[in-house]
Amino acid sequence: MNIKIKNLLCYRQAQKFIQVLGGTCLGFIVSGLEYMKISVPGCEPFEVGNGTLLLLPAGTKLEFSFNDRRCNYFSSCDIVWNEDSVADFDDLPFALKVEEKRFDFMLELFNSAEKLANSPILRNHTAAELLLYGVLSEFVKQTEDNVSAVPQAVAELKKAVDEDTAFQYDISELMNGIDCSHGHLRRLFKEYYQTGVAEYRSRMRLTKIKTLMLDYNLSMKEIADSAGMKNITHL
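Keep in mind it's a predicted model, so treat the numbers as computed, not measured.

## Looking at helix 3 (residues 152-163)
Line of reasoning, step 1. With twelve residues, helix 3 extends 16 Å from end C-alpha to end C-alpha; this agrees with the ideal 16 Å at 1.5 Å per step.
Line of reasoning, step 2. Here the buried face of helix 3 lies against helix 4 (171-175), helix 5 (182-193) and helix 6 (197-212).

This is the structure:
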């Protein structure tokens, strides 16, 4: 994969704001966050707290409030995934809680990257981009570690969701027959895949819609039907 930083800043002022991202965001919420609601297109909104890494696509809506203890890093960047990459954007979680033992390391990494990215020396920009590879590797590693230890019930649910490409069944129906309570199964799915099952399915649906929209012979109704959407206005 290749990373190109457009800007990388550290924000420290108290602020309450709503914004929609114009590009891919890679960030780190260090401190001072009172609340943040994240709405990724096609996915269920979710909230995050301090000590969280973010990897968010363009079009994501953020609603947040920071107090005067605020410290958060925010990088707008272009990320291109190569064919030989071990993962791509759709495989990775949008948010990742940093382990306590990794917190200081991640803070120093972003602090160094921010200084390098805003240096007038061009080669320092490249150095900053190399540091951000380290941030992305945290998302990739978390995904690989979780997948390798997934309980059978969670793997069965993911398989059922993946195979329902026509989106004919709701999530509760897909859970029937799996030897685990629905509530516990949802919690386990989020624990091991770093995303809720509803959010995971929404991302699948969004990917399918994007692919279908490349076929100019399909009407919006046909696209909505193929993606299991009962109302065309939801597109």
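## Looking at the side chain of Asn72
Line of reasoning, step 1. Here Asn72 is to be found in strand 6 (residues 61-80).
Line of reasoning, step 2. Residue classification places Asn72 among the buried residues on the basis of a relative accessible area of 7%.
Line of reasoning, step 3. At 2.6 Å, the side chain of Asn72 and the side chain of Arg70 are in polar contact.

## Details of the pattern of salt bridges
Pairing between side chains becomes possible if they bear opposite charge and their charged atoms approach one another.
Line of reasoning, step 1. Within this structure, the stated rule accounts for eight salt bridges.
Line of reasoning, step 2. The partner of Lys6 in a salt bridge is Asp78, and the shortest N-O contact between them spans 3.4 Å. Of this pair, Lys6 sits in strand 1 (residues 2-11) while Asp78 is found in strand 6, placing the two residues 72 residues apart along the sequence.
Line of reasoning, step 3. The partly exposed category is assigned to Asp78, whose relative accessible area is 38%.
Line of reasoning, step 4. In this structure, Asp162 engages Lys158 in a salt bridge whose closest nitrogen and oxygen atoms are separated by 2.9 Å. Highlighted residues: Asp162 and Lys158, both in helix 3, separated by four residues, approximately one helical turn.

Definitions and cut-offs
- Residues numbered from 1 in each chain as written.
- Predicted model: local features only at pLDDT ≥ 70, side-chain atom pairs only at ≥ 80, totals over all residues.
- Heavy atoms only, no water.
- Helix = DSSP H or I, 4+ residues; strand = E, 2+ residues; numbered from the N terminus.
- Expected span 1.5 Å × (residues − 1).
- Contact = heavy atoms within 4.5 Å.
- Buried < 20%, exposed > 50% of the residue type's maximum accessible area, 1.4 Å probe, protein only.
- Polar contact = N/O pair within 3.5 Å; in protein donor to acceptor, adjacent residues only side chain to side chain.
- Salt bridge = Lys/Arg side-chain N within 4 Å of Asp/Glu carboxyl O.

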